[in-house]
Amino acid sequence: RKIRLIHAAIRRYIHQNMLWPREFGDPINQEDQLITMSGFGLEVVKALARIGINLSGEEREGWCHLWFTTGLLLGIEEKLLPRDYEACDEMSARILASQARKSKPGLLLSRSCVDFMSGLLPHQLLYPFSYSVFKHLNDPQHREAMGFEDKHRFWDWFMPKLLRSTLAIDQK
């Protein structure tokens, strides 16, 4: 409930201060929440697969069900929530087809995520590490729109190996 209240307060503040064009619809709307939920559900499963960690069908469905339930708790209408992995994949593809574009705010958000992670590391020389983590865990189709380029070749080569071994998941 607290998250719903925070979202409502943000929407009210944005509308009162005219910080959001009306033609964009409401900020933090159902579609925004669905694609965010998909990022934690579907995209995590896909990111693991990209680095060679493949979940079973049952594990994938369980992970997506967890985020379905979380979506309900966050206030996403039940009729909008995908019921399984395939439905989540289709929904995500539909939303991204209409929304995923390179933009200044999107590039700023990507940079902010990398900067935040870099700030948690012991030395700024590890910035390429943070950059490569975000690059490899995001869908290759959207990397350019997010501003990720091929500029840290060593980390691009090393990162999937490091993530796979660090997660230490035994693949049978």
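Let us look at the structure shown here. (Residues numbered from 1 in each chain as written. Predicted model: local features only at pLDDT ≥ 70, side-chain atom pairs only at ≥ 80, totals over all residues. Heavy atoms only, no water.)

## Regarding the overall build of the protein chain
Where we set the bar: In this text, helices come from DSSP runs of H or I with a minimum length of four residues, and strands from runs of E with a minimum of two, each type numbered from the N-terminal end. Any two residues whose heavy atoms approach within 4.5 Å are treated as being in contact. The positive count covers Lys and Arg only, the negative count covers Asp and Glu only, and His and the chain ends enter neither. To locate a charge, the coordinates of NZ of Lys, CZ of Arg, CG of Asp or CD of Glu are taken.
A count of helical and extended segments in the protein chain gives 8 helices and 0 strands. When its helices and strands are written in sequence order, the protein chain yields α-α-α-α-α-α-α-α. Partitioning the intrachain contacts of the protein chain with sequence separation of at least 6 by distance along the chain shows that 56% fall at a separation of at least 24. Charged side chains in the protein chain number 23 positive and 21 negative. The centres of these two groups are separated by 5 Å.

## Some remarks on the environment of His65
Along the chain, His65 turns up in helix H4 (residues 57-73). Between the C-alpha atoms of His65 and Leu162, which are 97 residues apart in sequence, the distance is 28 Å.

## A word on the packing of aromatic side chains
Test applied: Each pair of aromatic rings taken from Phe, Tyr and Trp, with Trp reduced to its six-membered ring, is defined by centres within 6.5 Å and is described as stacked if the planes are under 30 degrees apart, edge-to-face if over 60, and tilted in the remaining cases.
Taken as a whole and assessed by the stated rule, the structure comprises 10 aromatic pairs. A ring pair is formed by Phe154 and Phe158, whose centres lie 5.4 Å apart and whose planes are at 15°; its orientation type is stacked. Linking Phe154 with Phe158, this pair stays in helix H8 (residues 153-167), spanning 4 residues, or about one helical turn. Aromatic ring contacts, followed pair by pair, group Phe129, Phe154, Trp155, Trp157 and Phe158 into a single cluster.

## Regarding a nonpolar patch on the surface
Condition: Patches here: salt-bridge-free residues with over 30% relative accessible area, like charges joined within 9 Å, nonpolar side chains (Val, Leu, Ile, Met, Phe, Trp, Tyr) joined within 5 Å. Computed with the Shrake-Rupley method and a 1.4 Å probe, the accessible areas treat only the protein chains shown as cover for residues. Think of a salt bridge as a Lys or Arg side-chain nitrogen and an Asp or Glu carboxyl oxygen that are within 4 Å of each other. Three labels apply to residues, based on accessible area from a 1.4 Å probe with only protein chains included: buried if under 20% of the type maximum, exposed if over 50%, partly exposed otherwise in between.
Together, Val44, Trp63 and Leu66 make up an exposed nonpolar region whose accessible area comes to about 220 Å². Mapped onto the secondary structure, Leu66 falls in helix H4. Judged by its relative accessible area of 39%, Leu66 is partly exposed.

## A word on helix H5 (residues 85-99)
For clarity, the threshold we go by: Take the residue count of a helix, subtract one, and multiply by 1.5 Å to get its expected span. The arc in question is the one traced by the directions running from the helix axis out to the C-beta atoms. Polar contact is defined as a pair of N or O atoms within 3.5 Å, subject to the rule that within protein one atom must be able to donate a hydrogen and the other to accept it, and that residues adjacent in sequence are counted only when both atoms are side-chain atoms.
The end-to-end C-alpha distance of H5 is 21 Å, a good match for the 21 Å that 15 residues give at a rise of 1.5 Å each. Buried within H5 are the following residues: Tyr85, Cys88, Met91, Ser92 and Ile95. Angularly, the buried residues of H5 cover 125° about the axis, an arc narrow enough to put them on a single face. Within H5, the exposed residues directed more than 90 degrees away from the buried face are Glu90, Arg94 and Ala97. Lining the buried residues of H5 we find helix H2 (30-40), helix H3 (42-50) and H4. Taking the backbone nitrogen of Glu86 as reference, a side-chain oxygen 3.3 Å away marks Asp84 as the first, capping residue of H5.

## Structural notes on the packing of H2 against H5
Let me state the cut-off plainly: Interaxial angles span 0 to 180 degrees and are taken between N-to-C directions of axes, which are lines fitted to C-alpha atoms, for helices over the stretch in contact. Throughout, the term roughly parallel applies to angles under 35 degrees, roughly antiparallel to angles over 145, roughly perpendicular to angles from 65 to 115, and oblique to all others. Left-handed is the label given to a crossing in which the near helix is rotated counterclockwise from the far helix by less than a right angle, and right-handed is the label when the rotation is clockwise. Charged residues are taken to be Asp, Glu, Lys and Arg, nonpolar residues to be Ala, Val, Leu, Ile, Met, Phe, Trp, Tyr, Cys and Pro, and polar residues to be all remaining types, Gly included.
Interaxial distance between H2 and H5 falls to 10 Å at its minimum, and their mutual angle equals 120°. Comparing their axes, H5 and H2 come out oblique. The two elements H2 and H5 cross, and the hand of that crossing is left-handed. Of H5, the residues touching H2 (which contributes Glu31, Asp32, Leu34, Ile35, Met37 and Ser38) are Cys88, Met91, Ser92, Ile95, Leu96 and Gln99. Of the residues assigned to the contact of H2 with H5, the class counts are 7 nonpolar, 3 polar and 2 charged.

## So, the nonpolar core
Short version of the rule: Nonpolar core, defined: a set of buried Ala, Val, Leu, Ile, Met, Phe, Trp, Tyr and Cys residues in which side-chain atoms within 4.5 Å join the residues together.
In this structure, Leu34, Met37, Ile76, Leu81, Tyr85, Met91 and Ile95 are the most contacted members of the largest nonpolar core, which totals 14 residues. Looking at this core, the elements that each hand over two or more residues are H2, H3, H4 and H5. Contacts of Leu81, omitting those with residues within four sequence positions, involve Leu34, Met37, Phe68, Gly71, Leu72 and Ile76. One finds Leu48, Ile51, Met117 and Val133 within the second-largest nonpolar core, a separate group that totals 9 residues.

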